[in-house]
Number of protein chains: 2
Amino acid sequence: MKELDRNAPVGVFDSGVGGLTVAREIMRQIPEERIIYFGDTARVPYGSKSKDTIVRYSRQIIRFLRSKGVKAIVIACNTASAHALETVQKESDIPIIGVINAGARAAVQATVNGRIGVIGTVGTIGSGIYTEVMQQMRPGVRVIGKSCPLFVPLVEEGLLHDSVTDEIASRYLAELKGKYIDTLVLGCTHYPLLRSTLRRLMGDDVTLVNPAYETAIELRELLKANGLNREMPAPDGEEKYQFFVSDLAEKFTDFATSILPNEVKETKKINIEEY
Amino acid sequence: MKELDRNAPVGVFDSGVGGLTVAREIMRQIPEERIIYFGDTARVPYGSKSKDTIVRYSRQIIRFLRSKGVKAIVIACNTASAHALETVQKESDIPIIGVINAGARAAVQATVNGRIGVIGTVGTIGSGIYTEVMQQMRPGVRVIGKSCPLFVPLVEEGLLHDSVTDEIASRYLAELKGKYIDTLVLGCTHYPLLRSTLRRLMGDDVTLVNPAYETAIELRELLKANGLNREMPAPDGEEKYQFFVSDLAEKFTDFATSILPNEVKETKKINIEEY
């Protein structure tokens, strides 16, 4: 690892707006840190795309974030964490973490009966990564994955509390309910926004794990362990949190303002294909 | 216009699989022509993205299709036709057509009461292009647009005949029904796959216009008028119809085989960002 500036910002990226749920947790858990957020809104979604494509996109985004001088990077997207984390970690001389390890760890700690459900995109579930990681952490645990491709479009349409979302969710969850899981990982950064629907359908006996929350804690520990945590809080203001996207869709700013504690005043568009 | 080879293939492109409904109509209406199809599956969907981004993507794809020697290009995507057609036509020395003109013409010919509905993506409806084109063709016509962002994900999940699709469709169409339209343009290449649902909800008195069908006829006339139509049918076989995508998702081949008259044996992946 090269000598890094502990006052440099943390880079956070996602295919679009979903990773803002991770940025929000970082803002809450480590309010002293600066964040450079990138949402790949020109190429969103990642969930249905192949590993090769996701690795190429992740490399471009990491080059962009490095050009902004970040000291560490959080891949705030389950699909990109599943497909690209291992590859880009090997290529990098700054710390990079994804959202899967922290979520998996919380789930294997939470389960009592050893039966864990994971919901996510086709890419995340198809990769089998949650199963692999959780079985390494706690051999013998049973992991049941279920892809829920309509959740992202439904969330992006704002149908968070709606009969259609209820109907689709009950279809997706029926299989998991039949397997008597006691823990459910929300393996896509959009899904915490469906938390109340998922809670109602799964019942109070199932623990819902939000990897965004766990990842913010992991990041805090990682920065400390590497002497990379800020000693003085970053000054408030526009420069503290910067937002970049690959497509200037109004939706990003609207969504960001609805999710984050403060209004997002400015979002800059860059051409990610040049990186 | 430069001297073109009338035996060269026609280029057809879309953000993904939707444009296959246009390719299918071309295969039916002009079976003698060869087709090079490109689906931008690494960056799909286009419907929610900005004009700038769609123009950049369309230029890259046109450069790719030109590298394959096509004699004419069909933008088989309403969003790309809405945002990029005018720009890329000016830059091109081969004929390029979109799907909007042909659909608009059929609609203004079909309407009796002069009230036409158009359904499409946020990009297509937001551009106002159907209204503009139809009012030029027939001043005084009233055009009511409605974006239907969940139709594409529902179609891609295969929920063509499903209570959830019915519910979403009846919400989207309620506004149009209240405006007493007698003609409805299916302004997104995925929507013909929802035809039976739309037909049932709108009733038999509303004419449904499928721009894919009209575009194939326009292409046939355009090729003839420019002396670019093939004189001898292209030989059957793999080379007659070639398929390229930017992401090798299995979904493309599966979807293509389900839509097209013949099985799609091979789909080649290219890196579209290099064009």
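For the structure itself, look to the data block above.
Residues numbered from 1 in each chain as written. Chains lettered and ligands numbered in written order. Predicted model: local features only at pLDDT ≥ 70, side-chain atom pairs only at ≥ 80, totals over all residues. Heavy atoms only, no water.

Looking at the overall build of chain A
Part 1: Secondary structure assignment for chain A yields 11 helices and 10 strands.
Part 2: Against the 2.2 N^0.38 benchmark of 19 Å for 275 residues, chain A shows a C-alpha radius of gyration of 18 Å, consistent with a compact globule.
Part 3: Considered along the principal axes of its C-alpha atoms, chain A spans approximately 50 × 40 × 35 Å.
Part 4: Looking at chain A residue by residue over its 275 residues, the buried ones come to 59%.
Part 5: For chain A, the proportion of contacts with a sequence separation of at least 24, taken over those separated by at least 6, is 77%.
Part 6: Roughly 11,000 Å² of accessible area belongs to chain A as shown, and the carbon and sulfur atoms make up 48% of that amount.
Part 7: Within chain A, the 35 negative side-chain charges are centred at a point lying 4 Å from the centre of the 34 positive side-chain charges. (Helix = DSSP H or I, 4+ residues; strand = E, 2+ residues; numbered from the N terminus. Rg over C-alpha atoms; globule rule 2.2 N^0.38 Å. Buried < 20%, exposed > 50% of the residue type's maximum accessible area, 1.4 Å probe, protein only. Contact = heavy atoms within 4.5 Å. Areas by Shrake-Rupley, 256 points an atom, 1.4 Å probe, with all protein chains shown as cover. Lys, Arg positive; Asp, Glu negative; His and termini not counted. Charge placed at Lys NZ, Arg CZ, Asp CG, Glu CD.)

Details of the packing of helix 1 (residues 20-29) of chain B against helix 10 (residues 211-225) of chain B
Residue and element names in this part refer to chain B.
Part 1: Relative orientation of the contacting elements helix 1 and helix 10 amounts to 50°, with a least axis distance of 8 Å. Taken together, the axes of helix 1 and helix 10 lie oblique to each other. Both helix 1 and helix 10 take part in a crossing whose hand is right-handed. Touching T21, V22, E25, I26 and Q29 of helix 1 are A212, Y213, T215, A216, I217, L219 and R220, all from helix 10.
Part 2: Counted by class, the contact of helix 1 with helix 10 contains 7 nonpolar, 3 polar and 2 charged residues. (Axes fitted to C-alpha atoms, helices over the stretch in contact; angles between N-to-C directions. Parallel < 35°, antiparallel > 145°, perpendicular 65-115°, else oblique. Left-handed = near helix turned anticlockwise from the far one by under 90°. Nonpolar A, V, L, I, M, F, W, Y, C, P; charged D, E, K, R; others polar.)

Digging into the packing of aromatic side chains
Residues and elements named next belong to chain A.
Part 1: Tallying each qualifying case throughout the model produces 18 aromatic pairs over all chains.
Part 2: Ring centres of Y37 and F243 lie 6.1 Å apart, and the angle between their planes is 45°; on these two criteria the pair is classed as tilted. Placement of Y37 in strand 2 (residues 35-39) and of F243 in strand 9 (residues 241-245) is noted, with a sequence separation of 206 residues between them.
Part 3: Since its relative accessible area comes to 0%, Y37 is described here as buried.
Part 4: The ring centre of Y57 lies 3.6 Å from the NZ or CZ of R43, which sits over that ring. (Phe/Tyr/Trp six-rings, centres within 6.5 Å; stacked < 30°, edge-to-face > 60°. Lys NZ or Arg CZ within 6 Å of the ring centre and 35° of its normal.)

With respect to the sheet that holds strand 5 (residues 115-120) of chain A
All names here are of chain A.
Part 1: Judged by pairing direction, the sheet is parallel, and its 4 strands sit side by side in the order 6-5-7-8 without closing on themselves. The open sheet is flanked by strand 6 (142-147) and strand 8 (207-209), the only strands paired with a single partner. The sheet shows a mean angle of 20° between the axes of neighbouring strands, taken without regard to direction.
Part 2: Across 3 bridges, the pairing between strand 7 (residues 183-186) and strand 8 is parallel. Its bridge partner lying in strand 8, L184 is registered against L208.
Part 3: Here helix 8 (residues 163-177) sits on the sheet and contacts strand 5, strand 6 and strand 7; the angle it forms with strand 6, its principal contact strand, is near 165°. (Pairing = 2+ DSSP bridges.)

Focus: the relation of the copies chain A and chain B
Part 1: Of the transformation placing chain A onto chain B, the axial shift is 0.0 Å and the rotation is 180°, giving an RMSD of 0.0 Å. Here the copies are linked by what is in effect a two-fold axis. When C-alpha distances to the rotation axis are compared across chain A, the minimum falls at A:R43, with a value of 2.2 Å.
Part 2: Comparing contact sets, 100% of the residues at the interface of chain A also lie at the interface in chain B, consistent with an isologous, same-surface contact. (Least-squares fit on C-alpha atoms with pLDDT ≥ 70 in both.)

Some words on the pattern of salt bridges
If charged atoms from side chains of opposite charge come close, those side chains can pair.
Part 1: Per the stated rule, a full pass over the model turns up 30 salt bridges over all chains.
Part 2: Across the pair B:E33 and B:K71 runs a salt bridge, and its minimum N-O distance is 2.7 Å. Taken together, the positions of B:E33 in the loop between helix 1 and strand 2 (35-39) and B:K71 in the loop between helix 2 (51-67) and strand 3 (72-75) put the pair 38 residues apart, joining distant regions of the chain. Of the two residues examined, B:E33 and B:K71, each falls in the buried class.
Part 3: As a salt-bridge pair, B:R200 and B:D166 come within 3.3 Å of each other at their nearest N and O atoms. Note that B:R200 is positioned in helix 9 (residues 195-202) and B:D166 in helix 8 (residues 163-177), a separation of 34 residues in sequence.
Part 4: A single network of salt bridges, built from pairs that share partners, joins A:D40, A:R43 and B:E273. (Salt bridge = Lys/Arg side-chain N within 4 Å of Asp/Glu carboxyl O.)

Some remarks on the interface of chain A and chain B
Part 1: With 33 residues of chain A at the interface, the matching set in chain B holds 34 residues.
Part 2: In this structure, the connection of chain A to chain B is made through 6 salt bridges.
Part 3: We note a salt bridge from B:R43 to A:E273, for which the minimum N-O separation is 2.7 Å.
Part 4: Across the chain A-chain B interface, the total number found is 18 residue pairs in polar contact (both at pLDDT 80 or more).
Part 5: Counting residues per element, the ones that place at least two in the side of chain A that touches chain B are helix 2 (51-67), helix 7 (151-156) and helix 8 of chain A.
Part 6: In terms of residues, the side of chain A that touches chain B owes the most to one element, helix 8 of chain A, which gives 6 residues. (Polar contact = N/O pair within 3.5 Å; in protein donor to acceptor, adjacent residues only side chain to side chain.)

Digging into the environment of A:K177
Residues and elements named next belong to chain A.
Part 1: In this fold, K177 is placed in helix 8.
Part 2: Taking the relative accessible area as the measure of exposure, K177 reaches 43% and is therefore partly exposed.
Part 3: Along the sequence, K177 and V74 sit 103 residues apart, while their C-alpha atoms lie 32 Å from each other.
Part 4: Here K177 is in contact with L201 and M202, once residues within four sequence places are set aside.

Observations regarding the side chain of B:T53
Part 1: Within the secondary structure layout, B:T53 lies in helix 2.
Part 2: Residue B:T53 is classed as buried on the basis of its relative accessible area, which comes to 0%.
Part 3: The contact partners of B:T53, leaving out residues within four places of it in the chain, are A:A42, A:S246, A:D247 and A:K269.

Brief notes about unusual backbone geometry
Residues and elements named next belong to chain A.
Part 1: Following V44, the chain continues into P45 via a peptide bond in cis, with omega recorded as -5°.
Part 2: Following the sequence through the fold, P45 ends up in the loop between strand 2 and helix 2.
Part 3: Even without being a glycine, Y180 presents a positive backbone phi close to 55°.
Part 4: Turning to its location among the elements, Y180 is positioned in the loop between helix 8 and strand 7.
Part 5: Overall, the relative accessible area of 63% leaves Y180 in the exposed class.

These results come straight from atomic positions and should not be treated as a statement about function.
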